[in-house]
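# Structural description and commentary
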Amino acid sequence: MKQRPPRYSAARLVSRAARKRVWPRVWREAPLRNSYDVVVIGGGVHGLATAYYLAANHGITNVAVLEKSYLGSGGSGRNTAILRSNYLTPEGVIFYDRSLDLYRTMAIDLNMNVMFSRRGHITLAHSDASLRTMHWRAEVNKLQGVDSSVIGPADIKKLAPVLDTSSHPRYPILGALYHPPGGIIRHDAVVWGYARGADTLGVEMHQKTEVVDIKVTGGDGPGGKGPGGRVTGVRTNRGDISAPVVVNCTAGWASLISDMAGVKLPISTRPLQAAVTEPVKVFLPVVVVSGTLHVYVSQTARGELVFGASVDPYNTYNIRGSLEFTEGTAGHLLELMPGISRMRLLRQWAGLCDMTPDYSPVMGFTPVEGFLCDVGWGTYGFKAGPVSGEQMAEAIATQRTPDLIGPFSLSRFERDALVGEKGAAAVGH
Amino acid sequence: MLIVPCPNCGPRNAADLRYVGESRPRPDPNSASAKEWRAYLYERANPAGMLRETWYCRSGCRRYFVLERDTVSNEFTNPPTPVAKLGKRP
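This one's a predicted model, so the numbers in the text were calculated from it and none came from an experiment.

Calculation criteria
- Residues numbered from 1 in each chain as written.
- Chains lettered and ligands numbered in written order.
- Predicted model: local features only at pLDDT ≥ 70, side-chain atom pairs only at ≥ 80, totals over all residues.
- Helix = DSSP H or I, 4+ residues; strand = E, 2+ residues; numbered from the N terminus.
- Buried ≥ 20, exposed ≤ 12 C-beta atoms within 10 Å, placed from the backbone.
- Contact = placed C-beta atoms within 7 Å.
- Expected span 1.5 Å × (residues − 1).
- Bend = angle between axes of the 7 residues up to and from the residue.
- Nonpolar A, V, L, I, M, F, W, Y, C, P; charged D, E, K, R; others polar.
- Pairing = 2+ DSSP bridges.
- Axes fitted to C-alpha atoms, helices over the stretch in contact; angles between N-to-C directions.
- Parallel < 35°, antiparallel > 145°, perpendicular 65-115°, else oblique.
- Left-handed = near helix turned anticlockwise from the far one by under 90°.
- pLDDT = per-residue confidence, 0-100.

When helices and strands are counted, chain B shows one helix and five strands. Sequence-ordered secondary structure for chain B, helices as α and strands as β, is β-β-β-α-β-β. Burial status across chain B gives 18% buried among its 90 residues. Sequence separation of 24 or more characterises 49% of the internal contacts of chain B that already satisfy a separation of 6 or more.

A separate point is the environment of A:Tyr314. Within the fold, A:Tyr314 resides in the loop between β16 (305-311) and α9 (323-336). We classify A:Tyr314 as buried; it has 22 C-beta atoms within 10 Å. Separated by 45 residues in the primary sequence, A:Tyr314 and A:Thr269 have C-alpha atoms spaced 8.6 Å apart. With sequence-adjacent residues up to four places away left out, A:Tyr314 is seen in contact with B:Leu2, B:Ala14 and B:Tyr19.

Before going further, it helps to examine helix α10 (residues 381-398) of chain A. All names here are of chain A. Taking 1.5 Å per residue as the helical rise, α10 with its 18 residues ought to reach 26 Å, and the 24 Å between its terminal C-alpha atoms agrees with that figure. Maximum bend of α10: about 40°, positioned at Val387. With 15 of its 18 residues buried, α10 lies for the most part within the structure. Positive phi shows up at Gln399, right after α10, with a value of about 60°.

With that settled, the discussion passes to the interface of chain B and chain A. Contacts between chain B and chain A engage 16 residues on the former and 19 residues on the latter. The residue inventory of the side of chain B that touches chain A, partitioned by class, reads nine nonpolar, four polar and three charged.

All names here are of chain A. Pairing is mixed across the open sheet formed by six strands, whose spatial order is β8-β2-β1-β12-β19-β18. Strands at the two margins of the open sheet, each flanked by one partner only, are β8 (204-206) and β18 (362-365). Each strand of the sheet is rotated relative to its neighbour by a mean of 20°, with strand direction disregarded. In terms of strand pairing, strand β1 (residues 38-41) meets strand β2 (residues 63-66) through four bridges, oriented parallel. In the sheet register, Val38 faces β2, and the bridge partner there is Val63.

All names here are of chain A. Running from N to C, helix α2 (residues 45-58) and helix α7 (residues 187-200) cross one another at 30°; their axes reach a closest spacing of 9 Å. Here α2 is positioned roughly parallel relative to α7, judged by the angle of their axes. The crossing of α2 and α7 is left-handed. Between α2 and α7, the contacting residues are Val45, Leu48, Ala49, Ala51, Tyr52 and Ala55 on the first element and Val190, Val191, Tyr194, Ala195, Gly197 and Ala198 on the second. In terms of residue class, the contact of α2 with α7 is made up of 11 nonpolar, one polar and no charged.

Let us now look at the sheet that holds strand β13 (residues 268-277) of chain A. What holds strands together in a sheet is hydrogen bonding between their backbones, with the strands either parallel or antiparallel. Residue and element names in this part refer to chain A. The eight strands lie next to each other as β5-β6-β4-β14-β15-β16-β13-β17, forming an open sheet whose pairing is mixed. In the strand order of this sheet, the two ends are held by β5 (149-151) and β17 (345-355), each with one partner. If you compare each strand with its neighbour and ignore which way they point, the axes differ by 20° on average.

Turning our attention to the confidence of the model for chain B. As a general rule, the predicted coordinates of low-pLDDT regions are not to be interpreted in detail. Residues and elements named next belong to chain B. When pLDDT is averaged along chain B, the result is 86, and 86% of the positions lie at 70 or above. No element of chain B has a lower mean pLDDT than strand β5 (residues 64-70), which averages 90, and none a higher one than strand β3 (residues 18-22), which averages 93. Across the interface, the model reports ipTM at 0.89; the global pTM reads 0.93.

Next comes the structure, spelled out in structure tokens:
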């Protein structure tokens, strides 16, 4: 490596300001070469984390991350930045807990202020059935060593006084699953942190580089693609690249990329909408989720309320929002917090989610040799970014599936071993 | 929001209907192999383009029908033609 970028610190900030030094670009723009050891398709948190951990943990630095738009332009920059590990399946809980661990030390590991605020996370229950699910989740969590417990309306009121815990609403709050380690983070900083970290270690990031085809030989399908084949490289809008390993980290576009290699995925692409209000003084110190009302909300460090819903009810690659979403979700939010009715909406957006039948991801090796997938992330991809990158990097480096992602392999659909993750945000409880 | 052209009820808001999903031929359960059956159950084409899909008009005529829609522009083929037999789930 030629020149290491300066580390970020308060002392350096002052000294560079005093010497009127301009900060260099956060990552290089290297020329696109025609051969790499590993090509990662998708420059979001998953793709960048995979590239970063390949270099950091396994010394594999001849890696290119190809992104058809700009880094973090997809779900990584569109999610509501909530982190938690209070899932329902033991496989899910242990996996997301590892991710929270990585998020906790991320600011130091990546030398980037990711603004992780571990403020606590409450999932409201409005019916006996969902209260029962909360108890179930709490017990599964405790068994895995994750801090979760069920609390009553009085404790909820203490944590979030703005919530209406009376018996007046249509769906009164009966209790909640309280998960103190949950919180929010600045998602852009996570993307930039991984990009900067990977760049420092020699990984190349290529933006505006769209993969148009994946080259496979020896497969069963047309053109030598499909099961039994072997990846030899990718074709992009900027030329051909040869690579023995290609990783698909393209979330909503995962089916289109996998089709290029002849691998069929159990994925449907649906948009998820979110919105943000004007900033106000901090009044909501925890993350609040209601499965029954299909809404989750948190207040950012700037004071804006960020809220989102479940996925739209039909498949589409179109990310135009709808008035129904804004109206419906705002209505649900007002039912939870009647006091915010005068707040104004700033903007609204949508991102594409790659939904699987069991709400669990598809990770690891595929029937095409050298073609790996890290997709099917649906509504919970951001919080899984670091652990996915770490585990995918291990899979690539060791050529075997790590235990943590074993349950999420594509072959589970052939073995009837689905992992029903009903703790996902897309599931109404 | 999406306006779905129900062949019986005319244009309806998608909220009035239930999205059943991609419409694919169902293999014969007596002769299909496990591999074919699982492909039918789980694999999705998920195209960015024209998609044949099944809808159920739950608050109108309560019929299942198949329509074609572009998943990028969200436009249905014009005129909307129910491609499957009405009333019977394809």
